[in-house]
2 protein chains.
Amino acid sequence: MTETASRPTLEAVAARAGVSRATVSRVVNGGDGVREPLVERVRRAVEELGYVPNQAARSLVTKRHDAIAVVIAEPETRVFADPFFALQLRGISKELTAHDNQLVLLLTEGRDDHARVARYLAGGHVDGALVFSLHLDDPLPGLIQGAGVPTVFGGRPGWSDGTRDVVYVDSDNRGGAREAVRLLAGLGRTRIAHITGPLDQTSAADRLDGYREVMGVDDPRLVVESDFTPGGAERAMRELLDRCPDLDAVFAANDLAASGALRVLRERGRRVPEDVAVVGFDDLLPVAEQSDPPLTTVRQDIEEMGRIMARLLLRRLDRRVAEEATGGVVLPTTLVRRASA
Amino acid sequence: MTETASRPTLEAVAARAGVSRATVSRVVNGGDGVREPLVERVRRAVEELGYVPNQAARSLVTKRHDAIAVVIAEPETRVFADPFFALQLRGISKELTAHDNQLVLLLTEGRDDHARVARYLAGGHVDGALVFSLHLDDPLPGLIQGAGVPTVFGGRPGWSDGTRDVVYVDSDNRGGAREAVRLLAGLGRTRIAHITGPLDQTSAADRLDGYREVMGVDDPRLVVESDFTPGGAERAMRELLDRCPDLDAVFAANDLAASGALRVLRERGRRVPEDVAVVGFDDLLPVAEQSDPPLTTVRQDIEEMGRIMARLLLRRLDRRVAEEATGGVVLPTTLVRRASA
DNA sequence: GGCCGAGGTGAGAGCGCTCTCCGGCCTGCG
DNA sequence: CGCAGGCCGGAGAGCGCTCTCACCTCGGCC
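Keep in mind that what you see is a predicted model, and the values were worked out from it rather than measured. Per chain, the residues get numbers from 1 upward, laid out in the order the sequence is written. The naming scheme follows written order: chains are lettered A onward, ligands numbered 1 onward. Since the coordinates come from a predicted model, pLDDT governs what is reported: local features require at least 70, and pairs of side-chain atoms require 80 or more to be given and counted, while whole-chain, interface and lining totals use all residues.

1. Quick look at the overall build of chain A
Argument step 1. The helix and strand inventory of chain A stands at 13 helices and twelve strands.
Argument step 2. Compactness check: chain A gives a C-alpha radius of gyration of 26 Å against a globular reference of 20 Å for 341 residues, more than 25% above the reference.
Argument step 3. When its C-alpha atoms are laid out on the principal axes, chain A stretches across 85 × 45 × 40 Å.
Argument step 4. Among the 341 residues that make up chain A, the fraction classed as buried is 48%. Numbering of helices and strands runs from the N terminus, with a helix taken as a DSSP run of H or I at least four residues long and a strand as a DSSP run of E at least two residues long. Radius of gyration means the value over C-alpha atoms here, while the globule rule gives 2.2 Å times the residue count to the 0.38 power. Each residue is classed by its C-beta neighbour count within 10 Å, where at least 20 other C-beta atoms makes it buried, 12 or fewer makes it exposed, and intermediate counts make it partly exposed; the C-beta atoms are placed from backbone geometry.

Quick look at the structure:
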C-alpha cells in the first residue's frame, strides 16, 4: 500500500499558479497588496491542490500557535460531577473557534501534575492560558504566572499574599447571594440558614460574605459549612434542623446542595416553601427545574463566562504591549423564581 | 519593559556543553549512542539554560505532533448535561498525558462545524483523533475517515451503509440491558416496561435490543421511546402507567431517566420497589446514589472507556503499517444492586 | 518626454529542529 | 604491527513557511 501523496506545500501551489511562494503566502494570509487576477489564480490553485498550510512551519517563524491552553485543576474528583466546567468549556470553545484558535485541554490530577503543566506552558506551545483555580491555597496559578504566559483566570483566584496582577472573570457571587437572602427576607423569613460550599473556594466564600452582608450580625447556629454536594448538604441540613428547628428559610450555596436540603426537609416533614423557603445558586437546569418543588435560584451565565474569558485573553494577545489591563470582570447574576421560595 | 530573552535553542545548549547540535538532539531524545560523560554535560547545560525543545520546529521535520484531537459532536445541547463526556475526557487525558501527548478539544456545534473539523483534521495538525459519534445518521465520522487521520470511535458508530473499517470502544449495552431485565424477571416481575433513549443513538438502540432479547416477543405497550432526560422519562412513565397500570417493573435506559420515572411513580403512589421495581443504566453516582430509593443500575466504567480509546489510538500510531486491526472493543458492564430493585 | 515614487512581485535568508552521512578514533584480529 | 570494522560525534542539508528587501513596472508630474 503506497503512502498517500504528502500534502501539497506552498511551493507546489506557487508552481501551479505560476507565481512565487511569497505571493501565495500573501494570498493565503489575507491577500493584501496582491492584484486581483493573481489572487484569483492562486485561490484556484489552492483549491485544486487542496492546500492546507502547515501550522508547524508557520509557527516556527511567527512564534504564534493560535492555540490556547485550558487548565483545569482537579483537587477533588468532584469537578466533573457538575456541568459547570463543561459549560464553560463550551463557551470557551465557541469563542476560540470563532477566532481560529485551538483549545488544548490540560487536566491536572493532583500536585504531581503541576510541574508538568508549568513546563508545558513555559515551553511556548500555546499563546496563552485559561486557568480555573478555585482554591485559596492552590500553587498552580503562581507557577503559571511564573511561566510568563498570558493568562486569564476563571473565578477570582484566592491569593494568600494579597493582590497580584491578574485578570479574571467571575460571577458576582456576593451580589447574587445578597439578592437571594434579600428575597427570603422580603418574604418575611427571619431565621434564614446558609449551607455554604467549601470555604477554601472563593466562590463559596464570596457567597457566604453576601449572606452575611444582608443578615447583619450572623447567628452561628444558622451557618454550616458544606461541600457543594447533595450528600454533604443533607448532613448540613440535618444539623441545621437539629440546632434550630424553627428555621424558616435556607439559602444553599449551589443547586446541588439545595436539592440535598430539599430531600431532608421533605424527610423531616417540612413543607417547602410554606414552612421553609429554599433558594439555590447556579441555576443548573436539570437540577433546578426537576427538583421537587422546582428551585428558586440565582442564575449565572456560565457559558458566557467562558466566552468572556476567551475573548479577554485573545484581546490581550492581540494588542501586545498595549494596555495590559489587569483586574477582574465580574458578571451579574439574576434571580430566577420558581416554587421553592 | 524589555521582552524577556527568548528561549534558548539547541544551538545555545550545544555551545554551552561544547558539543554539536546533533549530540544535544540525541541526548534530548533519549541519549542513545552518546557516551556517558557527554550525556551528563549536555544534561547539565539543558538544566542551566532551562532549555525546552521547540515543538513546532520538531514537528516540522518529524511530521509528528504528539497531539490527539478529541472530537465531540453535539447535535443536542444535552451532551454536557450528564457527566458522561467529562468522565471519558478524564480517562483520555490521563492516558495521553502518560504518553506525552496533548489533547486538542474540538467541540462541534451543529452541521456547520463539520467542515471546519474535517479541514482541521485533514490539515495534519494532530496525529490522530478520538471521535464521539453516537448518532445513526451522523455524517461526521464519514468526513473524518475521509480525512485520512487514524481514528478511534467512542461508542459504536451507527453506519447506515453496513460495515466499514472502524475501530471503536463501547460498553456492552446489550449485555448490560439483558442483565438488568433478567434481574427483574428473576425477581418475579412479569410486566417489565422499558423507557428507551433516543433510538438514533446506538447505545439506546442496543439497550432496547438487550431488553427485547430477554423479553422475547415484546408487548409494544411496555416500550416507550424517550430521550435520556428526567423530563422525557417522566412523560414516558406517565404514558406507561396509563397504558398498563399493572406494570410491575421498569428498566430505564439510563439513570437520569430512571430518576424521572421514580418521581412519577412516587407521585402516582406506587411504592418502589414493592409495587414497581426500577433499574437504571450508567451508575452515575450523584444520580444513582442520591435518588430515593437509591438506584439499582448497570455500571459502565466510563473513564476506563476513555483510557482504552486513547491507548488503542496511541498503539495504532506506533506500529505504523503493522497490524491495522479493525473492529470494536466492547467493555463489560456490571450490575450494581441498591434499593430500587 | 524624462524622472521620481508608489505599488506589486520575486528572491532568499532564516525560524529551530532532526537525521543522514561521513570522518575519526579505538578496538580486535590476523 | 597493520588493517578492517564498529562506534561516536560533527557537519550540513533540509522540513514549509514568513518576511525583508531589492527590483521592476507603471503612473503622475514637471
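2. Notes on the protein's contact with DNA strand C
Argument step 1. Taken together, 27 residues sit near DNA strand C, with Ser20(A), Thr9(B), Leu10(B), Ser25(B) and Ala57(B) positioned nearest.
Argument step 2. Elements supplying a minimum of two residues to the surface near DNA strand C: α2 (21–28) and α4 (55–62) of chain A together with α1 (10–17), α2 (21–28) and α4 (55–62) of chain B.
Argument step 3. For the surface near DNA strand C, the element with the highest residue contribution is α4(B), accounting for five residues.
Argument step 4. Any residue that is not Ala, Val, Leu, Ile, Met, Phe, Trp, Tyr, Cys, Pro, Asp, Glu, Lys or Arg is counted as polar, Gly included; the first ten are nonpolar and the last four charged. Looking at the surface near DNA strand C residue by residue, the classes come out as 13 nonpolar, nine polar and five charged. Residue proximity rests on one test: whether the C-beta atom, placed from the backbone, lies within 6 Å of the molecule or strand.

3. A few points about the pairing of strand β8 (residues 249–252) of chain A
Residues and elements named next belong to chain A.
Argument step 1. Burial of β8 is two-sided: the residues Ala249 and Phe251 facing one way and the residues Val250 and Ala252 facing the other way are all buried.
Argument step 2. Pairing between strand β6 (residues 192–195) and β8: four bridges, direction parallel. Looking at the pairing, Ile195 lines up with Ala252 of β8.
Argument step 3. In this description, strands pair whenever DSSP reports at least two bridges between them. Where β8 lies against strand β9 (residues 277–282), three bridges are found, and the strand directions are parallel. Bridge assignment links Val250 to a residue of β9, and that residue is Val278.
Argument step 4. Note on handedness: a crossover is taken as right-handed if, strands pointing away from the viewer, the path from the first strand over the helix to the second is clockwise. A crossover links β8 with its parallel partner β9, the connecting element being helix α11 (residues 255–267), and its sense is right-handed.

4. Section: the protein's contact with DNA strand D
Argument step 1. As a matter of local geometry, DNA strand D sits amid 27 residues, with Thr9(A), Leu10(A), Ser25(A), Ala57(A) and Ser20(B) nearest to it.
Argument step 2. Going through the elements one at a time, α1 (10–17), α2 and α4 of chain A together with α2 and α4 of chain B are the ones with two or more residues in the surface near DNA strand D.
Argument step 3. Partitioned by chemical class, the residues of the surface near DNA strand D number 13 nonpolar, nine polar and five charged.

5. Topic: the packing of helix α6 (residues 112–122) of chain B against helix α7 (residues 140–147) of chain B
All names here are of chain B.
Argument step 1. Here the axes come from fitting lines to C-alpha atoms, over the contacting stretch only for helices, and the angles between their N-to-C directions go from 0 to 180 degrees. As a packed pair, α6 and α7 sit with axes 9 Å apart at the nearest point and diverge in direction by 25 degrees. Judged by the inter-axis angle, α6 sits roughly parallel to α7. Relative to α7, α6 is oriented so that their crossing is right-handed. Side by side, α6 and α7 meet where His114, Ala118, Leu121 and Ala122 of the first sit next to Leu140, Leu143, Ile144 and Ala147 of the second.
Argument step 2. Grouping the amino acids of the contact of α6 with α7 by side-chain chemistry returns seven nonpolar, one polar and no charged. Roughly parallel here means an angle under 35 degrees, roughly antiparallel means over 145, roughly perpendicular means 65 to 115, and every remaining angle is called oblique. With the far helix as reference, a near helix turned anticlockwise by less than a right angle produces a left-handed crossing, and one turned clockwise produces a right-handed crossing. Any residue pair is listed as a contact if its two C-beta atoms, each placed from the backbone, are within 7 Å.

6. Quick notes on the interface of chain B and chain A
Argument step 1. With 34 residues of chain B at the interface, the matching set in chain A holds 34 residues.
Argument step 2. Secondary-structure elements contributing two or more residues to the side of chain B that touches chain A are α4, α5 (84–98), β2 (102–108), α6, α10 (230–243) and α12 (285–290) of chain B.
Argument step 3. Taken together, the residues of the side of chain B that touches chain A sort by class into 16 nonpolar, eleven polar and seven charged.
Argument step 4. When strand β2 (residues 102–108) of chain A meets β2(B), the two strands line up antiparallel, connected through three bridges.

7. Some details on the relation of the copies chain B and chain A
Argument step 1. Copies are brought into register by a least-squares superposition over C-alpha atoms of residues with pLDDT of at least 70 in both. Taken as rigid bodies, chain B and chain A are interconverted by a rotation of 180 degrees and an axial shift of 0.0 Å, the fit giving an RMSD of 0.1 Å. Here the symmetry operator amounts to a two-fold rotation axis.
Argument step 2. Most of the interface of chain B is mirrored in chain A: 100% of its interface residues are interface residues there too.

8. Observations regarding the sheet that holds strand β7 (residues 223–224) of chain A
Two orientations exist for strands paired in a sheet by backbone hydrogen bonds: parallel and antiparallel.
Residues and elements named next belong to chain A.
Argument step 1. If you walk across this open sheet you meet the six strands as β7-β6-β8-β9-β10-β12, and the pairing is mixed. This sheet does not close on itself; its edge strands, each paired only once, are β7 and β12 (334–336).
Argument step 2. The pairing of β9 with strand β10 (residues 296–299) spans four bridges and is parallel. Bridged to Phe281 within β10 is Val298.
Argument step 3. Across the sheet, α11 lies against β6, β8, β9 and β10, angled at about 155 degrees from β9, the strand it touches most.

9. Structural notes on the packing of helix α8 (residues 173–186) of chain B against helix α9 (residues 202–215) of chain B
For any two helices packed against each other, the geometry comes down to the angle between their axes and how far apart the axes lie.
All names here are of chain B.
Argument step 1. Where α8 contacts α9, the axes come no closer than 7 Å and their chain directions differ by 40 degrees. By the angle between their axes, α8 is oblique relative to α9. When the axes of α8 and α9 are compared, the crossing they make is right-handed. Every residue of α9 that contacts α8 at Asn173, Arg174, Gly175, Gly176, Ala177, Arg178, Val181, Arg182 and Ala185 is listed here: Ser203, Asp206, Arg207, Asp209, Gly210, Tyr211, Glu213, Val214 and Met215.
Argument step 2. Taken together, the residues that form the contact of α8 with α9 break down as six nonpolar, five polar and seven charged.

10. Comments concerning α1(B)
Argument step 1. Turning to α1(B), its buried residues are Leu10(B), Val13(B) and Ala17(B). The arc that holds every buried residue of α1(B), seen down its axis, measures 65 degrees, which confines them to one face. The arc in question is the one spanned by the directions pointing from the helix axis to the C-beta atoms.

11. Looking at the sheet that holds strand β4 (residues 151–154) of chain A
Argument step 1. If you trace the twelve strands from one edge of the open sheet to the other, you get β11(A)-β5(A)-β4(A)-β3(A)-β1(A)-β2(A)-β2(B)-β1(B)-β3(B)-β4(B)-β5(B)-β11(B), paired in mixed fashion. Each edge of the open sheet carries a strand with a single partner, namely β11 (327–331) of chain A together with β11 (327–331) of chain B. On average, each strand axis in the sheet is inclined to that of its neighbour by 25 degrees, with strand direction left out of account.
Argument step 2. Judged from the five bridges that link them, strand β1 (residues 67–73) of chain A and strand β3 (residues 128–132) of chain A form a sheet pairing that is parallel. Bridging across to β3(A), Ile68(A) finds its partner in Gly128(A).

12. Brief notes about the environment of Arg307(B)
Residues and elements named next belong to chain B.
Argument step 1. For Arg307, the position within the fold is in helix α13 (residues 302–318).
Argument step 2. Here the alpha-carbon distance between Arg307 and Val24, two residues 283 residues apart in the chain, equals 34 Å.
Argument step 3. In this structure Arg307 touches Gly91, Ile92, Lys94 and Glu95, once residues within four positions along its chain are discounted.

13. Considering the domain arrangement of chain A
Residues and elements named next belong to chain A.
Argument step 1. An automatic or database domain assignment provides the domain bounds reported here. The domain architecture assigned to chain A consists of domain 1 (10–53), domain 2 (67–170 + 303–331) and domain 3 (173–299).
Argument step 2. Each of domain 2 and domain 3 has a C-alpha centre, and the two are 30 Å apart.
Argument step 3. Counting residues at the interface gives eleven residues for domain 2 and eight residues for domain 3.
Argument step 4. Class assignment for the residues of the side of domain 2 that touches domain 3 results in three nonpolar, three polar and five charged.

14. Let's talk about the nonpolar core
Argument step 1. The term nonpolar core means buried Ala, Val, Leu, Ile, Met, Phe, Trp, Tyr and Cys residues held together as one set by C-beta atoms within 7 Å. Among the nonpolar cores identified, the biggest contains 83 residues, and Ile68(A), Val70(A), Ile68(B) and Val70(B) are the most heavily contacted of them.
Argument step 2. Leave out the neighbours within four places in its chain, and Ile68(B) touches Leu96(B), Asn101(B), Leu103(B), Val104(B), Val126(B), Asp127(B), Gly128(B), Ala129(B), Leu130(B) and Leu313(B).

15. So, the environment of Val272(B)
Residues and elements named next belong to chain B.
Argument step 1. With respect to the helices and strands, Val272 occurs in the loop between α11 (255–267) and β9 (277–282).
Argument step 2. Assessed through the 21 C-beta atoms surrounding it within 10 Å, Val272 is described here as buried.
Argument step 3. In sequence terms Val272 and Asp172 are 100 residues apart; their C-alpha atoms lie 27 Å from each other.
Argument step 4. For Val272, the contacting residues outside a window of four places in its chain are Leu262, Leu265, Val278, Pro293 and Ser340.

16. Focus on helix α5 (residues 84–98) of chain A
All names here are of chain A.
Argument step 1. If you check α5, its first and last C-alpha atoms are 22 Å apart, about what 15 residues at 1.5 Å a residue would give, namely 21 Å.
Argument step 2. Counting buried residues along α5, 13 of its 15 residues qualify, which places the element largely inside the surrounding structure.
Argument step 3. Once α5 ends, the next one or two residues include Asp100, with phi positive near 55 degrees. Here, expected helix span is obtained from the residue count minus one, scaled by 1.5 Å.

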